[in-house]
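Summary of the model geometry
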Amino acid sequence: MTQPHPRLAVVVLCAAGIVVALMQTIIVPLIPSLPTLIHTSDNNSSWALTITLLVGAVGTPIAGRLGDMFGKRRVLVGNMLAVTLGSVVCAVSTSLIPFLIGRGLQGIGIGTIAVGISIMRDIVPPARLGSSVGTMSASLGVGGALGLPFSAIIAQHISWHALFWISAATALACALAILAYVPESPSIAGGRFDAVGALGLAAALTFILLPVSKGAAWGWTSPITVTGFVAFAVAAVLWWRYERRVANPLIDLDTLTSRPILLTNIASVATGFAFYAMQMAPIQILMAPEGAPAGLGMSMVLASLILMPTGLVMFGFSYVSAWLTRLRGARVSLATGGLVIGAGYIVFLVMLLGPWAIAWWWIIGSSSLVGAGLGIAYSAMPALIMQVVPVSQTGEANGVNALMRSVGTAAATAVVGMVLTASTVAVAGHHVPTVAAYTTTTVICVGVCLLAFVTAIAIPKRTALVIDEVA
């Protein structure tokens, strides 16, 4: 008898993924006025972005492991309740510290996508698993696409507090829907949670992500930045040695360092970099004054609407990825995604270097290609992970893979931010990047896409997926 497809459960999981993805972008329109809103300095207000990234990166692999041990649905509900509480705290905040606490709680929810993908392996029939996982992966793009215009319109026409109240309501609705419609995973490993390993991982990630994301502001050779990198090296070595010796480690390092997982995670860093770079560069061109070397003078809302197709195309091409994976294998899907992302950046480069004027339709074409490639690549990664890990480690492995994408995002924040601020011109009282800065950024992104393609091709071929052998 054919196992029924739990469509409503998949819809609920994807909705939860969109909500947590929104949490990463809803704050962007508030950035210029945030110091006034929470009565702090420009430098301190930037922590509102950093803390969400940091907590999400630390919490995602931990959430995956907890899901494997104690139940994925429980962890999903906990994630959504953390987003709800964090949104409420932000909504009532008028000062820096409580606002940062709220943003940190929102960051806990980022692990929802990785845990949601893992529970799909347990509840979705094998024949429909590829498309369901692809849709969940692409929910990140939909949330990113909707986040900017949604937050800009709400903040502009209602209030910034309303933005967080709405976030709290949607997150709570998702938590209740998960309880009502998502069954608990039948595979619960149990065991003792590796609290020391979790603390060690949190320390190592904090020591690396803080200097990477703040290095441009602090100075790459400043004592605090250098100390962060040194502390990361020490913490990483100690954590690695401990995880090798402990009986029930937070992360199975043998699985993590196996060739298929290692190469997939390298490709994940590259695609995470490409994903965030496309969010950083085009919007600056769209919003820069018309007198700038590369500027179209658009409002935040209009610029966000121009970029909205990126996430929607990403969502649509997740189904293309599922089809291609069934036809040619997940490694081919991942490699194809890297090539398509690279093609999008090449179109962006042609726009910058050609004799024609920079135009919004060039940006739509370029960003849509990048979105298509991301939809293909992001959907292929969980399939590659689930080829080689047992059901009892699905959450853990997907959590680490999501962490690698976060590392790529942090690297993009540092590298692209540094390049775009290294070469600027003054226009109407504002310093905006030059065409050369955008060109350098794009060339770097093309190189990153090539890395994703090469590592994907190097992943060993497999004749059958574990997801096709389950159930």
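All values derive from a computational prediction rather than experimental measurement.

Topic: the overall build of the protein
A tally of helices and strands in the protein yields 18 helices and two strands. For 471 residues, the compact-globule formula gives about 23 Å, and the C-alpha radius of gyration of the protein, at 21 Å, lands near that figure. Looking at the protein as a whole, 57% of its 471 residues are labelled buried. Just so you have it, the protein exposes about 18200 Å², and 71% of that area is on carbon and sulfur atoms. Counting 20 positive and 12 negative side-chain charges, the protein places the centres of these two groups 4 Å from one another.

Overview of the nonpolar core
Residues Met 80, Phe 99, Met 120, Ile 285, Leu 334 and Tyr 345 are the most contacted members of the largest nonpolar core, which totals 107 residues. For this core, the leading source of residues is helix H13 (residues 259-287), giving 13 residues. Ignoring sequence-local partners within four residues, the contact set of Ile 285 consists of Ala 294, Gly 295, Leu 296, Phe 348, Met 351, Leu 352, Ile 358, Ile 363 and Tyr 438. Counting residues in each nonpolar core, the second largest holds 25 residues, with Leu 53, Leu 209, Ile 261 and Leu 403 among its members.

A closer look at the pattern of salt bridges
One pass over the full model with this rule turns up four salt bridges. Note that Arg 65 is salt-bridged to Glu 396, the shortest N-O span being 3.7 Å. Of the two residues, Arg 65 is situated in helix H4 (residues 47-70) and Glu 396 in helix H17 (residues 394-422); the sequence distance between them amounts to 331 residues. Classification of Arg 65 by relative accessible area gives buried; the value is 8%. Of the residues examined, Glu 396 reaches a relative accessible area of 4% and is grouped as buried. Here Lys 72 makes a salt bridge to Asp 68, at a shortest N to O gap of 3.7 Å. Neither Lys 72 nor Asp 68 differs from the other in exposure class; each is buried.

Description of the packing of H4 against H17
For the pair H4 and H17, the least separation of the axes is 6 Å and the interaxial angle reads 170°. By the criterion of interaxial angle, the relationship of H4 to H17 is roughly antiparallel. Mapping the contact onto sequence places Leu 53, Ala 57, Thr 60, Pro 61, Gly 64, Arg 65 and Asp 68 in H4 and Thr 394, Gly 395, Glu 396, Gly 399, Val 400, Ala 402, Leu 403, Ser 406, Thr 409 and Ala 410 in H17.

Considering the pairing of strand E1 (residues 424-427)
The two faces of the sheet receive side chains in turn, since in a regular strand these alternate between them. Where E1 lies against strand E2 (residues 430-433), four bridges are found, and the strand directions are antiparallel. What sits directly across from Val 427, in E2, is His 430. Hairpin connection from E1 to E2: two residues lie between these consecutive antiparallel strands, with Ala 428 at a positive phi of about 50°.

Quick look at the side chain of Asn 401
Topologically, Asn 401 is positioned in helix H17. Residue class for Asn 401 comes out buried when judged on its relative accessible area of 1%. A polar side-chain atom of Asn 401 sits 2.9 Å from a polar atom in the side chain of Asn 265. One polar contact links Asn 401 to Ser 268, side chain to side chain, over a distance of 2.7 Å. Beyond its immediate sequence surroundings of up to four residues, Asn 401 is in contact with Thr 264, Asn 265, Ser 268, Met 381 and Ile 385.

Digging into the packing of aromatic side chains
Counting across every chain of the model gives nine aromatic pairs. Centre to centre, the rings of Trp 47 and Trp 218 are 6.3 Å apart; their planes meet at 45°, and the pair counts as tilted. Residue Trp 47 is located in helix H4, and its partner Trp 218 is located in helix H10 (residues 195-218); the two are separated by 171 residues in the primary sequence. Measuring from ring centre to ring centre gives 6.2 Å for Phe 315 and Tyr 319, while their planes differ by 75°; the resulting arrangement is edge-to-face. In this pair, Phe 315 and Tyr 319 both sit in helix H14 (residues 300-328), four residues apart, roughly one turn of the helix.

Structural notes on the confidence of the model for the protein
Across the protein, the average pLDDT comes to 86, with 96% of residues at or above 70. For the protein, per-element mean pLDDT is lowest for helix H3 (residues 42-45), which scores 75, and highest for helix H5 (residues 72-92), which scores 95. Between residues 463-471, whose pLDDT stays under 50, and residues either more than four places distant or in other chains, the model counts 19 contacts.

As for a nonpolar patch on the surface
On the surface, a nonpolar cluster with roughly 360 Å² of combined accessible area is contributed by Leu 81, Leu 172, Leu 176 and Leu 179. Sort the elements by how many residues they give to the nonpolar patch and helix H9 (residues 160-181) lands first, with three residues. Assignment of secondary structure puts Leu 172 in helix H9. In this structure Leu 172 comes out as partly exposed when scored by relative accessible area, which is 37%.

Conventions we followed
Residues numbered from 1 in each chain as written. Predicted model: local features only at pLDDT ≥ 70, side-chain atom pairs only at ≥ 80, totals over all residues. Heavy atoms only, no water. Helix = DSSP H or I, 4+ residues; strand = E, 2+ residues; numbered from the N terminus. Rg over C-alpha atoms; globule rule 2.2 N^0.38 Å. Buried < 20%, exposed > 50% of the residue type's maximum accessible area, 1.4 Å probe, protein only. Areas by Shrake-Rupley, 256 points an atom, 1.4 Å probe, with all protein chains shown as cover. Lys, Arg positive; Asp, Glu negative; His and termini not counted. Charge placed at Lys NZ, Arg CZ, Asp CG, Glu CD. Core = buried A, V, L, I, M, F, W, Y, C linked by side-chain atoms within 4.5 Å. Contact = heavy atoms within 4.5 Å. Salt bridge = Lys/Arg side-chain N within 4 Å of Asp/Glu carboxyl O. Axes fitted to C-alpha atoms, helices over the stretch in contact; angles between N-to-C directions. Parallel < 35°, antiparallel > 145°, perpendicular 65-115°, else oblique. Pairing = 2+ DSSP bridges. Polar contact = N/O pair within 3.5 Å; in protein donor to acceptor, adjacent residues only side chain to side chain. Phe/Tyr/Trp six-rings, centres within 6.5 Å; stacked < 30°, edge-to-face > 60°. pLDDT = per-residue confidence, 0-100. Patch = residues over 30% accessible without salt bridge, like charges linked within 9 Å, V, L, I, M, F, W, Y side chains within 5 Å.

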